[in-house]
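Tertiary structure, described
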Amino acid sequence: MRLSLTDPLSAMAGVGPRTAAVLAGSGLSTVADLLWHLPSRWEDRACPLSLREVVAGDVVTVCGEVVDLRVRRARSRLTIVEAAVSDGESSLAVVWFNQPYLATSLRVGQRLWLHGPAGPGRGWGVELRSPEWEKERDDGEAVHHGRIVPVYRRIGEVSGRRLRSLMARILASLDRTFPDPLVGLLPGGATLSLSEALAETHFPTAPAGLDERRELLQQLARRTTPAQRRLAQQELLGLAVTLEQAREARRRQHAVACRVTDEIRARARAALPFRLTQAQRRVLREIVTDLQRTAPMARLLHGDVGSGKTVVAALATLVVAECGAQVAIMAPTELLAQQHHASFTRLLAPTPHRPALLVGGLPEGEKRKVREGLARGSIAVVVGTHALFQEATGFARLGLVVIDEQHRFGVAQRQRLVAKGDAPHLLVMTATPIPRSLALTLYGDLEMSVLDELPPGRSPVRTVVRDGRARDRVMEFVRREVAEGGQAYWVVPFIEDSETLSARAIASHAQEIQRGLAGVSVGVLHGRLPAEEREQVMAAFLAGEIEVLCATTVIEVGVDVPRASVMVIENAERFGLAQLHQLRGRVGRGSRASYCVLLLGEECGAQARERVARFASLTDGFAVAEEDFRQRGPGEFTGMRQWGRADLAVADLRIHLVELQWARSVAGQWARRGRLQQLAALLGGLGGRSVGPA
Ligand code: ADP
Ligand code: MG
């Protein structure tokens, strides 16, 4: 029977009900599903060594006939199976420990493939220790040997080896002539069908020469074989289609279409404490244009730290509130929600709208009051955290959702909030400049606005790299800054979320800094403090009562302290570049000249030092992001996993940029011709991978 990609696994010969159940439990129910479980790596077991070439210390693949077989029981009830295999020319000893069933599985006279480490023999020569083994089939073929062999991550109780057998079996009976309508769309006249690409990725055709095989293995590891590129195209096309579908679905929805009158404009102008930058004005125009439509806005506001996103959001809020609809502003932490609440209250003070605050830390009674107000519609603007997502919160007429620091939110959360309104406008703000390639994939369903200009009067933060030995001098510098009216953050190398973060360790670190800065008021802030205490500390820092804030990266996001002029980061080499940039963005927000001092740890190697130095030379967040992306790949962008991009089996956004562009352009073309459904159906017909913003 010929298999096709969409056939159920349970119908396949050789997949018992138990295995099928395990696979189904992992969401794998069709042939295509299983075949998209791609090898994590490959091993070259193509050409057996002749037995006399086996050297102790090597991992080898050999082939020979069993000429001797015996079982020994050692004292500690250890079973040892000893065999000798021969290739007609010489022979080799093989031992397996504690695999007694081998004694009955193997027989003298059988031809075996073996793969494993060779060690010095206990009697003479060398021996193979507990190698993988496989009987050669009558046709001289084998699955686990005699080729470039795929290695799989196990799926539940289905072992990697069992998966290899399954894959081989499926691929042997897979109908390669299965029509693949995508072939006609492939760029550059490529013709590789999906089935062929899958087959060639699981069991790559091994070239005869050793060097060629090495080259192929490297290519496989880099995911750049033609077959892998073909799979990446497939995957990225699936993603692009999902994003286009989300876009289309949104176009069919109805949001509150705001009417912007001269009165609203006058109010907005009156509310402004400063002149907007060119960029702010442009972005605001883009947003307001969207808000006037019935199709819900879905816009990503991309702006470097300090570029002034808050005021843009506040003005959009004002427009929507003036039109009688509600606005929910969402921040990733309670601290930031508090600060946003304060900024929005300040910015909206000349208007009739009083923002409410809704965070987990509020007394139950107060939370209930806010929820009631939201449900009744008596509260127009609310700033909050995840508490907003809780089922209990309903809105009378939600017109706009603003999400700040998007990278901290999963798509699911975003959708849950959006689901609270009919189809509210959505403004997502991120201060983590994301490389364009990645943004297209992560936020492909969002329109993009960029704030590429800082408010006037900012001098860029001067960034310097210093050896740990310069610590005393840095202290001295901080002391002088404080004496002149500045404030400093001192970031300590304890990573939030890690198990090593202990409040005590941080406190003693802070004491040390305090000792170096006698007479200066030093505070401590970290994620293990109760929320209330964190807020008190932050409030005291904001008020200037604390002059140096010894903190973990909890301060990374959003909090605005205009007098803070120095950011010291200890063990800077331990942080990602994007994170360093976020931290640096906490200073230079007022008119004081500001500094970022990157202290290197004692064990910092040359490469890490270079990386930090490179960061110090970059001021533009986008440049930092590109550099970070180039160095470490997308996985390092916080929240990547929440975005479900870990679900890409082969596509890697650093490697498959060409494929990504192709996928987007194909999906875009079909969408414009109103044929997105057909394209989705084509993908589905190939057992399409449903990757998307799920
Ligand atoms: P971010 O984009 O990082 O969220 P904020 O919105 O917090 O930046 O703005 C940073 C600082 O710049 C705030 O103190 C804000 O009041 C100030 N600011 C924003 N826009 C302007 C402007 N057009 N002119 C002067 N100051 C501005
Ligand atoms: Mg902000």
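That block above? That's the structure.
The shown structure was predicted, so the numbers you read here are calculated from the model rather than taken from an experiment. (Residues numbered from 1 in each chain as written. Chains lettered and ligands numbered in written order. Predicted model: local features only at pLDDT ≥ 70, side-chain atom pairs only at ≥ 80, totals over all residues. Heavy atoms only, no water.)

1. Considering the sheet that holds strand β18 (residues 522-525)
Across the sheet, 6 strands lie side by side as β16-β21-β20-β17-β19-β18; this open sheet has parallel pairing. Whereas interior strands pair on both sides, the edge strands pair on one side only; in this sheet they are β16 (462-467) and β18. Each strand of the sheet is rotated relative to its neighbour by a mean of 20°, with strand direction disregarded. Where strand β20 (residues 564-569) meets strand β21 (residues 595-600), 4 bridges bridge the pair, whose relative direction is parallel. Residue pairing in the sheet places Met567 in a bridge with Cys596 of β21. Packing against the sheet, helix α18 (residues 577-584) makes contact with β16, β17 (487-491), β20 and β21, and its axis sits at approximately 150° to β20. Here helix α19 (residues 606-617) sits on the sheet in contact with β16 and β21, set at roughly 160° to β16. (Pairing = 2+ DSSP bridges. Helix = DSSP H or I, 4+ residues; strand = E, 2+ residues; numbered from the N terminus. Axes fitted to C-alpha atoms, helices over the stretch in contact; angles between N-to-C directions. Contact = heavy atoms within 4.5 Å.)

2. Side note on the packing of aromatic side chains
Under the criterion given, the structure shown has 2 aromatic pairs. Ring geometry for Phe477 against Tyr595: centres 5.0 Å apart, planes inclined by 90°, an arrangement best described as edge-to-face. You can see Phe477 sitting in helix α15 (residues 471-483) and its partner Tyr595 sitting in strand β21, a full 118 residues away along the chain. Relative accessible area serves as the criterion here: at 23%, Tyr595 is assigned to the partly exposed category. (Phe/Tyr/Trp six-rings, centres within 6.5 Å; stacked < 30°, edge-to-face > 60°. Buried < 20%, exposed > 50% of the residue type's maximum accessible area, 1.4 Å probe, protein only.)

3. Brief notes about the site of ligand 1
Taken together, 16 residues surround ligand 1, and among them Arg275, Gly306, Lys309, Thr310 and Arg458 come closest. Between Gly308 and ligand 1, the recorded distance is 3.1 Å, taken from a backbone N or O atom to an oxygen atom. One nitrogen or oxygen atom from the side chain of Lys309 is found 2.7 Å from an oxygen atom belonging to ligand 1. Coverage of ligand 1 by the protein amounts to 82% of the 560 Å² it exposes when considered alone. Partitioning the shell around ligand 1 into residue classes produces 4 nonpolar, 6 polar and 6 charged. (Near = heavy atom within 4 Å. Polar contact = N/O pair within 3.5 Å; in protein donor to acceptor, adjacent residues only side chain to side chain. Areas by Shrake-Rupley, 256 points an atom, 1.4 Å probe, with all protein chains shown as cover. Nonpolar A, V, L, I, M, F, W, Y, C, P; charged D, E, K, R; others polar.)

4. Digging into the pairing of strand β9 (residues 298-303)
The buried fraction of β9 is high, at 6 of 6 residues. Both faces of β9 are covered, namely the face carrying Ala298, Leu300 and His302 and the face carrying Arg299, Leu301 and Gly303. In the sheet, β9 pairs with strand β14 (residues 425-430) via 5 bridges, with the strands oriented parallel. When the bridges of β14 are listed, Leu301 appears paired with Met429.

5. A closer look at the nonpolar core
With 58 residues, the main nonpolar core has Leu5, Leu34, Leu35 and Leu237 as its most contacted residues. Of all the secondary-structure elements, those providing two or more residues to this core are α1 (17-25), α2 (31-35), α4 (160-173), α5 (194-202), α7 (226-251), α21 (657-672) and α22 (676-685). In contact with Leu237, not counting residues within four places along its chain, are Leu182, Trp662, Ala663, Val666, Ala667, Leu679 and Leu683. Ala268, Val288, Ala314 and Cys323 belong to the second-largest nonpolar core, a separate cluster that totals 38 residues. (Core = buried A, V, L, I, M, F, W, Y, C linked by side-chain atoms within 4.5 Å.)

6. Points about the sheet that holds β14
Each strand in a sheet pairs with its neighbour through backbone hydrogen bonds, running either in the same direction (parallel) or in the opposite one (antiparallel). Reading across the sheet, the 7 strands line up as β11-β12-β10-β13-β14-β9-β15 and stay open at both edges, with parallel pairing between neighbours. Strands with a single pairing partner mark the edges of an open sheet, and in this sheet they are β11 (356-358) and β15 (447-451). Going across the sheet, the axis of each strand differs from the next one's by a mean of 20°, ignoring polarity. Along the sheet face, helix α9 (residues 278-291) touches β9, β13 (398-404), β14 and β15 and points at about 155° away from the line of β15.

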